[in-house]
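These are the residues of each chain, in order.
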Amino acid sequence: NCYAPTAQATEIKNNECYKCVAKCIRKRKDKGPTIVMRDFNAIIQTKFEVAEGAIGEHTFDKENITIDGAREELMASRQKLIERTMEHELKIMNTMFPKAQVKLCTYKENKRIGRIPPYTRPNYETLDYIMISQRWTNCIRNVEADINAAINSDNFPITTNISVNLKAGTYW
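(A) Quick look at the overall build of the chain. If you tally the helices and strands in the chain, you get 3 helices and 7 strands. When its helices and strands are written in sequence order, the chain yields α-β-α-β-α-β-β-β-β-β. With an accessible surface of roughly 10,300 Å², the chain has 51% of that area assigned to carbon and sulfur atoms.

The following block contains the structure:
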């Protein structure tokens, strides 16, 4: 378990985080579904290229894409996350289900203001992601943020419905 550094963190800290995630994925490879859930501090916003196959069609605030004017470090975080999902053949499941904007945002810029609409940038964003290997994507039935959770944080928890059918048998 490791926390993804913010976009302003050093390259060394960012690499340490992704090495930790890669180690966990390799350790669990071929042993059933491995689900990666964390705050990656990366802004996806939308799928720009077909090669970004890990990203689904249902991203937060599609009408307000700000990534073109985003800071260089935010673009680097986005690129690193997408590269790692492709490297490990993962899908970003938050982006696979059609949801209202309020169910897609996982971060609120200012904790002092209430959790009030409109749920758009720059006040809200998606920074937390649920990912699973492509082979097991059918296990994830639903993913959504819960902005009404009774926690004092600028991040909203993500709820996930998972359904796994296992073969009967004895495994030693």
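(B) Spatial organisation of the sheet that holds strand β1 (residues 35–39). With antiparallel pairing, the 3 strands of this open sheet are ordered in space as β1-β5-β2. A single partner strand is all that each edge strand has here, and the edge strands are β1 and β2 (90–92). Sheet twist, expressed as the average angle between the axes of neighbouring strands with direction ignored, equals 25°. Alignment of β2 against strand β5 (residues 128–133), held across 3 bridges, turns out to be antiparallel. Among the inter-strand pairings, L90 is bridged to a residue of β5, identified as S133.

(C) Looking closely at the pattern of salt bridges. Counted under the stated rule, the structure contains 8 salt bridges. Between K47 and E57 there is a salt bridge, and its shortest N-O distance comes to 3.7 Å. Of this pair, K47 sits in the loop between β1 and α2 (72–87) while E57 sits in the loop between β1 and α2, placing them 10 residues apart in sequence. Take K47: its relative accessible area is 30%, and that puts it in the partly exposed class. A salt bridge links K99 to E144; the nearest nitrogen and oxygen atoms lie 2.9 Å apart. Of the two residues, K99 is situated in the loop between β2 and α3 (101–104) and E144 in strand β6 (residues 140–145); the sequence distance between them amounts to 45 residues.

(D) Structural context of helix α1 (residues 11–28). Counted at 1.5 Å a residue, the expected span for α1 with its 18 residues is 26 Å, and the 26 Å between its end C-alpha atoms agrees. Buried residues of α1: N14, C17, Y18, V21, A22 and I25, and no others. Down the axis of α1, the buried set is contained in an arc of 135°. They therefore lie on one face. Exposed positions of α1 whose direction lies more than 90 degrees from the buried face are I12, K13, E16, K19, K23, R26 and K27. Those residues of α1 hidden inside the fold are in contact with β1, α2 and β2.

(E) Focus on the packing of aromatic side chains. The tally for this structure, following the rule as stated, stands at 2 aromatic pairs. Each member of the aromatic cluster is reached from another via a ring pair, and the members are Y119, Y124 and F156. Sitting over the ring of F40, R38 keeps its end group 5.3 Å from the ring centre.

(F) Structural view of α2. With 16 residues, α2 extends 22 Å between its outermost C-alpha atoms, agreeing within 8% with the 22 Å of an ideal straight helix rising 1.5 Å per residue. Turning to α2, its buried residues are L74, S77, R78, K80, L81, I82 and T85. Structurally, α2 contributes buried residues whose contacts are with α1, β2 and β5. After α2 finishes, the residue E89 shows a positive phi value of roughly 55°.

(G) Highlighting the packing of α1 against α2. At a minimum axis distance of 12 Å, the contact between α1 and α2 shows a crossing angle of 25°. The orientation of α1 relative to α2 falls into the category roughly parallel. Handedness of the α1/α2 crossing: right-handed. Touching E11, N14, N15 and Y18 of α1 are S77, K80, L81 and R84, all from α2. Looking at the contact of α1 with α2 residue by residue, the classes come out as 2 nonpolar, 3 polar and 3 charged.

Reading guide: rules and limits
- Residues numbered from 1 in each chain as written.
- Predicted model: local features only at pLDDT ≥ 70, side-chain atom pairs only at ≥ 80, totals over all residues.
- Heavy atoms only, no water.
- Helix = DSSP H or I, 4+ residues; strand = E, 2+ residues; numbered from the N terminus.
- Areas by Shrake-Rupley, 256 points an atom, 1.4 Å probe, with all protein chains shown as cover.
- Pairing = 2+ DSSP bridges.
- Axes fitted to C-alpha atoms, helices over the stretch in contact; angles between N-to-C directions.
- Salt bridge = Lys/Arg side-chain N within 4 Å of Asp/Glu carboxyl O.
- Buried < 20%, exposed > 50% of the residue type's maximum accessible area, 1.4 Å probe, protein only.
- Expected span 1.5 Å × (residues − 1).
- Arc of directions from axis to C-beta.
- Contact = heavy atoms within 4.5 Å.
- Phe/Tyr/Trp six-rings, centres within 6.5 Å; stacked < 30°, edge-to-face > 60°.
- Lys NZ or Arg CZ within 6 Å of the ring centre and 35° of its normal.
- Parallel < 35°, antiparallel > 145°, perpendicular 65-115°, else oblique.
- Left-handed = near helix turned anticlockwise from the far one by under 90°.
- Nonpolar A, V, L, I, M, F, W, Y, C, P; charged D, E, K, R; others polar.

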